[in-house]
Amino acid sequence: MPHPETWLKVLPQGLYCEPGGFFIDPVRPVDRAVVTHGHSDHARAGHRAVLATAETLAIMRARLGDGAGESQQALPWHEPLTVGDVRVWLSPAGHVLGSAQVAMEYQGTRAVVSGDYKRTPDPTCAGFEPIRCDVFVTEATFALPVFVHPPPAHEIARLLDSVALFPERTHVVGCYALGKCQRLIALLRQAGWDKPIWLHGALASMCDVYRHCGVDLGDLRPATVAAKGSLVGAVVLAPPSAITDRWARRLEDPVAGLASGWMRVRQRAKSRGVELPLVISDHADWNELIATLADVGAPEVWVTHGREEALIHAAASMGIRGRALRLLGYGEEEEAEAPA
């Protein structure tokens, strides 16, 4: 049986499945792409043919328009498809709506590419499902032992406690437009916040996609055109770049919050002027990464991007061979807006 390293190749365009003739999350336009999820560092414009979940394709069309792929094929969960000489199927990754792992079987060997993922339940997307495999290809965004995320409900409680403590102020929380925004809304609803949630205009279109895909987000209103007085005591969501700029200063004595796994690093919060750091991440933390290596049972793990060295060292202590792929172009969007 051929080892996956003989048929999964790292090329300038990205990770290439040679017997299938397709790339996974290519960073340059290609003829055939399998896309794990809709974040722009993974879902690029200009591919000729794109295979992904229906939700990811909807996100790509909303974000990229005609650049979302000349032809698009939606693949339901767990439905096998033969592409070239490879059997391919998609399983949930738990990262954002429609996010998928790509499972591939070729001549008796199986490789799984995780894309970005998390193990913590998320009311807005299907949860991660471990797949037993021979090679597991994983991200490592938070692959350091310091990154252990608290329960999301704990962080939402901190936000609501602050709203109760400062009822005369507006709480503006920075979050990425795809995934984090909708998850925060759903978590607030689960915590009993049934009041309107106000949105910066840049967040509205992705909320529309989620609603179209059946995710109930409740009463959402545009903050940009709201009267200043109507936002007193309110929760406003905005892109991370907007929470301390002129847009936020029009709000009533705003409390600047930011929801990101990077808020575990105090200096990051301080440098961005964040008064209320919320450690809520859409990426697996250190414990989840280690647990996933055990769950998938792969004797070999390849790391696409992030903190490769620490994860490979930990894998070795578990008897798992590690390899750093050092793929370029991933994580750039997350670093720019700190949505992780």
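Here's a quick rundown of the structure.

Criteria and thresholds
- Residues numbered from 1 in each chain as written.
- Predicted model: local features only at pLDDT ≥ 70, side-chain atom pairs only at ≥ 80, totals over all residues.
- Heavy atoms only, no water.
- Buried < 20%, exposed > 50% of the residue type's maximum accessible area, 1.4 Å probe, protein only.
- Helix = DSSP H or I, 4+ residues; strand = E, 2+ residues; numbered from the N terminus.
- Pairing = 2+ DSSP bridges.
- Salt bridge = Lys/Arg side-chain N within 4 Å of Asp/Glu carboxyl O.

Points about the pairing of strand 11 (residues 135-140)
Burial runs high along strand 11: six of the six residues are buried. Neither face of strand 11 is left uncovered, since the one carrying Val135, Val137 and Glu139 and the one carrying Phe136, Thr138 and Ala140 both have all their residues buried. The pairing of strand 11 with strand 18 (residues 300-306) spans five bridges and is parallel. Within the sheet, the bridge partner assigned to Val135 lies in strand 18 and is Glu300.

Examining the pattern of salt bridges
Counted according to the given criterion, the structure contains 15 salt bridges. Residues Glu155 and Arg158 are paired through a salt bridge, measuring 3.0 Å at the closest nitrogen-oxygen approach. Of this pair, Glu155 and Arg158 both sit in helix 2 (residues 152-165), separated by three residues, roughly a single helical turn. Arg158 sits in the partly exposed class, given a relative accessible area of 29%. One salt bridge in this structure joins Arg169 and Asp253, with 3.2 Å as the shortest N-O distance. One end of the pair, Arg169, is in the loop between helix 2 and strand 12 (171-174); the other, Asp253, is in the loop between helix 5 (246-249) and strand 16 (255-259), with 84 residues separating them in the sequence. Owing to a relative accessible area of 43%, Asp253 belongs among the partly exposed residues under this scheme.

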